[in-house]
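# Coordinates in review
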Amino acid sequence: MHAALLDQAHRAIEKKLPERGNDYRLGYHLSPPAGWMNDPNGLVFFRGEYHLFYQHHPYSAQWGPMHWGHAKSSDLVHWEHLPIALAPSEAYDRDGCFSGSAVVLDDTLYLIYTGHLWLGEVRDDDKIRQVQCLASSTDGINFTKHGVVLQTPPDPSVMHWRDPKVWNRDGQWWMALGARQGDDPQLLLYRSRDLHDWEYLGCALQGQRVPDGYMWECPDIFELDGRDFFLYSPQGLKPAGYDNWNLFQNSYRTGQLDDSGCFHVRGDLHELDHGHDFYAAQTLLAPDGRRLLWAWMDMWESPMPTQADHWCGALSLPRELSRDGERLRMRPARELAALRQSQTLLQSCEVKSGSCVLDVQGALLEFELELDLTGSSAERFGLALRCSEDGKERTLLYFDAMARRLVLDRQSSGAGVSGVRSVPIAAEQTRIALRIFLDRSSIEVFVDDGAYTLSSRIYPRPDSLLASAFAVNGTGCFSDISVWRLADLNI
Ligand code: FRU
């Protein structure tokens, strides 16, 4: 049954490929060959290669019964699509193989995921059943389902409990699950020796509707530089000041996970990325000890113009995490330097109330520069990217001196999208260091060596390729700007 459903899913993808529209197709980010993608799942290093799975609907570019798409890479840059790993096929996962994780035990690759069922006539979030399931593969391609390993939540009234994250701690397997009890979120923990039998450890952290939201999706717990981090995707946070304007957030807290399974929070809640499109992030411990992270580079209810092109959804670039006090820094994985092709070096410049077209064009570019705040007097200054000849399309990234914030403005960034996102710039700061990755329909900004990031989808026309430096009412000072053309890998 499972094999036949996988074949059917592959045929659906094959059929759509010739019809796929490629104007917004990303050149070096992972997206599904056709159909829909959301969360990254099961990030794992297996027999010398990185494997990455993702929530996938192969039959249309809309969310639907979830499959697990699959790709692998030996260098984090070049990805090979593999056959779909999981299709909903059994009574316990009939309506979807939801998010989860992957681990390697005895040279076998195991997937732990949530089986999802709709219980009502229509899709109704209040009438569902979820169970936690196990599957395995000895070749890293074909997976055998082993059925349900956790049938009911500790509190039987809980319907939403999902997204198992499994990791090894002191020789035992630990599992974190996000749950919703009434309108309050919970982090549940289990422990196992063999991945089949799980013992409930308890509720590691209990939240309250206000201020914690009603559900913590996609939990991840990991140790970094002597601290434990709880990374999750809270649903239901209220916008506050400049924060929480996406439908849902991606957040983290630091603290200590004790041996009994209690997570003692030590720090504040932080948003992981400050752009419009970043959700359901998951991490992987690379063989060299680096903690790598990917997220879904979209957001529920965002405009998704590529649905008309028969594909939808992308993953962020892989990022390296490091700890800065109670905060996380995210830098682009160092392997991404392999994307760089020809380089253009633009001399430092001062722009006086106006704009200056940069001698560089393209859709797939990396920029590295600094904005010099001490020499500048402009109210706003920064870069206009992916600009059309007529100036109607442009994506702005600028320092707003009045608000002392770095702003990503996609008001004129093409099909469907709008709005601004921003991050604070400290009063004592004299410069802002920027690394910017542009792909055909995305922008990822790494601010001050990953202290902040902003990731958003943009949908400019394919011929909106110009870039300029601008300043409003005063002078803006720019350092030398390095620009690299990035490889178009068609993944
Ligand atoms: C997060 C999420 C998960 C769930 C999956 C379903 O985006 O809602 O909680 O497992 O997507 O596709």
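Above this text you will find the structure in question.
Just so it is clear, the model here is predicted, and its values are computed rather than measured.

Now for empty space enclosed by the protein. According to the stated counting rule, one finds four cavities of 30 Å³ or more in the structure shown. Taken together, 14 residues make up the lining of the largest cavity; nearest its centre are Y28, L30, W79, W294 and P318. Residue composition of the lining of the largest cavity, grouped by class: twelve nonpolar, two polar and no charged.

The antiparallel open sheet is built from four strands, whose spatial order is β5-β6-β7-β8. Across the chains shown, the open sheet's two edge strands, defined by having one partner strand only, are β5 (97–105) and β8 (144–150). Averaged over all neighbouring strand pairs, the angle between strand axes comes to 25 degrees, with direction disregarded. Relative to β8, strand β7 (residues 128–137) is paired through five bridges, and the arrangement is antiparallel. The residue of β8 that forms the bridge with Q132 is L150.

A word on the pairing of strand β11 (residues 184–192). Of all nine residues that make up β11, eight are buried, and the element is covered over most of its length. Of the pairings in the sheet, the one linking strand β10 (residues 172–181) to β11 comprises nine bridges and is antiparallel in character. When the sheet's bridge partners are listed, G178 is paired in β11 with L187. Hairpin remark: β10 followed by β11, antiparallel, with two residues in the connecting loop; positive phi at G182, about 65 degrees.

This model, assessed by the stated rule, comprises 28 salt bridges. E320 is the partner of R334 in a salt bridge, and the nearest nitrogen-oxygen pair spans 2.7 Å. Pair noted here: R334 is in the loop between β22 (327–332) and β23 (340–346) and E320 is in strand β21 (residues 319–324), with a separation of 14 residues, a long-range link. You can call R334 exposed: its relative accessible area is 55%. Where salt bridges share partners, they join D288, R290, E320, R334 and E335 into one cluster.

Our next topic: the site of the ligand. The ligand sits among 13 residues. The nearest are D39, Q55, R162, D163 and E217. In the environment of the ligand, an oxygen atom lies 2.7 Å from a nitrogen or oxygen atom belonging to the side chain of Q55. Contact between the ligand and D163: an oxygen atom at 2.6 Å from a side-chain N or O atom of the residue. For the ligand, the accessible surface in isolation is 320 Å², of which the surrounding protein chains cover 95%. Those elements giving two or more residues to the shell around the ligand turn out to be β1 (35–46), β5, β9 (160–169) and β13 (215–224). Of the residues contributing to the shell around the ligand, the split by class is six nonpolar, three polar and four charged.

By size, the foremost hydrophobic cluster in this structure holds 36 residues, and its most contacted members are F367, L371, L383, L406, L434 and I436. Those residues in contact with L406, other than ones at most four positions away along the chain, are L371, L397, Y398, F399, R421, S422, V423, I425, I432, L434, V447 and L454. Core analysis: the second largest hydrophobic core is formed by 28 residues, Y50, L364, W484 and A487 among them.

Before going further, it helps to examine the state of the cysteines. For the coordinates displayed, the defined rule picks out zero disulfides. C312 takes part in no disulfide bond, and the closest cysteine sulfur, belonging to C218, lies 17 Å away. Judged by its relative accessible area of 1%, C312 is buried. Between C349, a cysteine without a disulfide, and C356, which holds the nearest cysteine sulfur, the sulfur-to-sulfur distance is 5.2 Å.

In spatial order, the strands read β4-β3-β2-β1-β20; together these five strands make up an open sheet with mixed pairing. Of all the strands in the sheet, just β4 (80–86) and β20 (311–312) have a single pairing partner and so form its edges. Pairing between β1 and β20: two bridges, direction parallel. The residue of β20 that forms the bridge with G35 is W311. Set on the sheet, helix α1 (residues 2–16) makes contact with β2 (49–57), β3 (67–73) and β4; between it and β4 the angle comes to about 140 degrees.

The rules behind each value
- Residues numbered from 1 in each chain as written.
- Predicted model: local features only at pLDDT ≥ 70, side-chain atom pairs only at ≥ 80, totals over all residues.
- Heavy atoms only, no water.
- 1 Å grid on protein atoms, 1.4 Å probe; cavity = no way out; pocket = protein on both sides within 12 Å on 5 of 7 lines; lining within 4 Å.
- Points joined across faces, edges and corners; volume = space filled by probe spheres on them.
- Nonpolar A, V, L, I, M, F, W, Y, C, P; charged D, E, K, R; others polar.
- Pairing = 2+ DSSP bridges.
- Helix = DSSP H or I, 4+ residues; strand = E, 2+ residues; numbered from the N terminus.
- Axes fitted to C-alpha atoms, helices over the stretch in contact; angles between N-to-C directions.
- Buried < 20%, exposed > 50% of the residue type's maximum accessible area, 1.4 Å probe, protein only.
- Salt bridge = Lys/Arg side-chain N within 4 Å of Asp/Glu carboxyl O.
- Near = heavy atom within 4 Å.
- Polar contact = N/O pair within 3.5 Å; in protein donor to acceptor, adjacent residues only side chain to side chain.
- Areas by Shrake-Rupley, 256 points an atom, 1.4 Å probe, with all protein chains shown as cover.
- Core = buried A, V, L, I, M, F, W, Y, C linked by side-chain atoms within 4.5 Å.
- Contact = heavy atoms within 4.5 Å.
- Disulfide = S-S within 2.5 Å.

Everything listed is a geometric property; what it means functionally is a separate question.
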